[in-house]
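# Commentary on secondary and tertiary structure
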Amino acid sequence: EPEVTQTPSHQVTQMGQEVILRCVPISNHLYFYWYRQILGQKVEFLVSFYNNEISEKSEIFDDQFSVERPDGSNFTLKIRSTKLEDSAMYFCASREPPGVTGETQYFGPGTRLLVL
Amino acid sequence: RKEVEQDPGPFNVPEGATVAFNCTYSNSASQSFFWYRQDCRKEPKLLMSVYSSGNEDGRFTAQLNRASQYISLLIRDSKLSDSATYLCVVNFNAGGTSYGKLTFGQGTILTVHP
């Protein structure tokens, strides 16, 4: 069964450093997302991406964040200058094309980011 | 009011029990509804979509009441493997501008014991 993959599974970084989280969505999916989950809290939407551009973003997704689909396969989330409060699990998700079986989003296993 | 609000839990039930979770959502423009399951430190996994007519998948039954903005999940004959956090998830679609952004509830922890 196709699945969303993410690398790395864990990332430890120093405050102020840049990190890039990588995702490979399911191959025929067209909509891509990043969510985050701070330990003990709910899953929060960060950004959606469609047709090579951001379609929607939350207030969390400020100028420090950016997304890219550099090669038609990978989907990346970059945090330019990490803060302590960026420590969280980051989930990538992708969604089936419209009219297939609905709007199911499939999540990757996540990258656990720890900012020291 | 929280956008998606769930029973606080935790629920601690014996094997074989029936357990019900409730969820309310604040935005009447909501379009799609789901129950996801999340195991400890893992990704959310779709358990089932929720339709207005109600739907059943084996031991799991989901109901939607649009008038009351209320969603429920019923688990019958609980198994040890049902222990997880159950997430009520809503896709708000105000004016057709949503691109599938999901809004999650806080989750309800279920522990099924022998």
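One structure accompanies this document, and this report is about it. (Residues numbered from 1 in each chain as written. Chains lettered and ligands numbered in written order. Predicted model: local features only at pLDDT ≥ 70, side-chain atom pairs only at ≥ 80, totals over all residues. Heavy atoms only, no water.)

## Quick notes on the interface of chain B and chain A
Counting from both sides, the interface comprises 20 residues of chain B and, opposite them, 23 residues of chain A. Run the count over chain B and chain A and you get four residue pairs in polar contact (both at pLDDT 80 or more). If one sorts the elements of the side of chain B that touches chain A by residue count, strand E4 (residues 30–38) of chain B sits on top with five residues. Each residue belonging to the side of chain B that touches chain A can be placed in one class, and the counts come to seven nonpolar, nine polar and four charged. (Contact = heavy atoms within 4.5 Å. Polar contact = N/O pair within 3.5 Å; in protein donor to acceptor, adjacent residues only side chain to side chain. Helix = DSSP H or I, 4+ residues; strand = E, 2+ residues; numbered from the N terminus. Nonpolar A, V, L, I, M, F, W, Y, C, P; charged D, E, K, R; others polar.)

## Things to note about the side chain of Ser58 of chain A
All names here are of chain A. Note on placement: Ser58 falls in the loop between strand E6 (53–57) and strand E7 (65–68). A polar contact is formed between the side chain of Ser58 and the backbone oxygen of Phe45, at a distance of 3.0 Å. Ignoring anything within four residues of it in the chain, the contact list for Ser58 reads Phe45 and Leu46.

## Some details on the side chain of Ser72 of chain B
Residues and elements named next belong to chain B. Examined against the element boundaries, Ser72 turns out to sit in strand E8 (residues 70–75). By relative accessible area, which is 13% here, Ser72 ends up buried. Setting aside chain neighbours within four positions, we find Ser72 in contact with Phe21, Asn22, Trp35, Thr61, Ala62 and Gln63. (Buried < 20%, exposed > 50% of the residue type's maximum accessible area, 1.4 Å probe, protein only.)

## Observations regarding the pairing of strand E4 (residues 31–37) of chain A
Residues and elements named next belong to chain A. Most of E4 is tucked away: seven of the seven residues are buried. Here seven bridges tie E4 to strand E5 (residues 43–50), and the two strands are oriented antiparallel to one another. By the bridge assignment for E5, Gln37 is matched with Val43. Hairpin geometry of E4 and E5 is characterised by an intervening segment of five residues between the two adjacent antiparallel strands and by a positive phi of about 85° at Gly40. Bridge count between E4 and strand E9 (residues 88–95): seven bridges; the pairing is antiparallel. Opposite Gln37, over in E9, you have Met89 as the bridge partner. (Pairing = 2+ DSSP bridges.)

## A look at unusual backbone geometry
With an omega dihedral of -10°, the bond running from Thr7 of chain A to Pro8 of chain A counts as a cis peptide bond. In the Ramachandran plot, Asn52 of chain A falls in the positive-phi region, its phi being about 65° despite a non-glycine side chain. Relative to the assigned elements, Asn52 of chain A resides in the loop between E5 and E6. Of note in the backbone geometry, Gln69 of chain B takes a positive phi value of approximately 55° without being a glycine.

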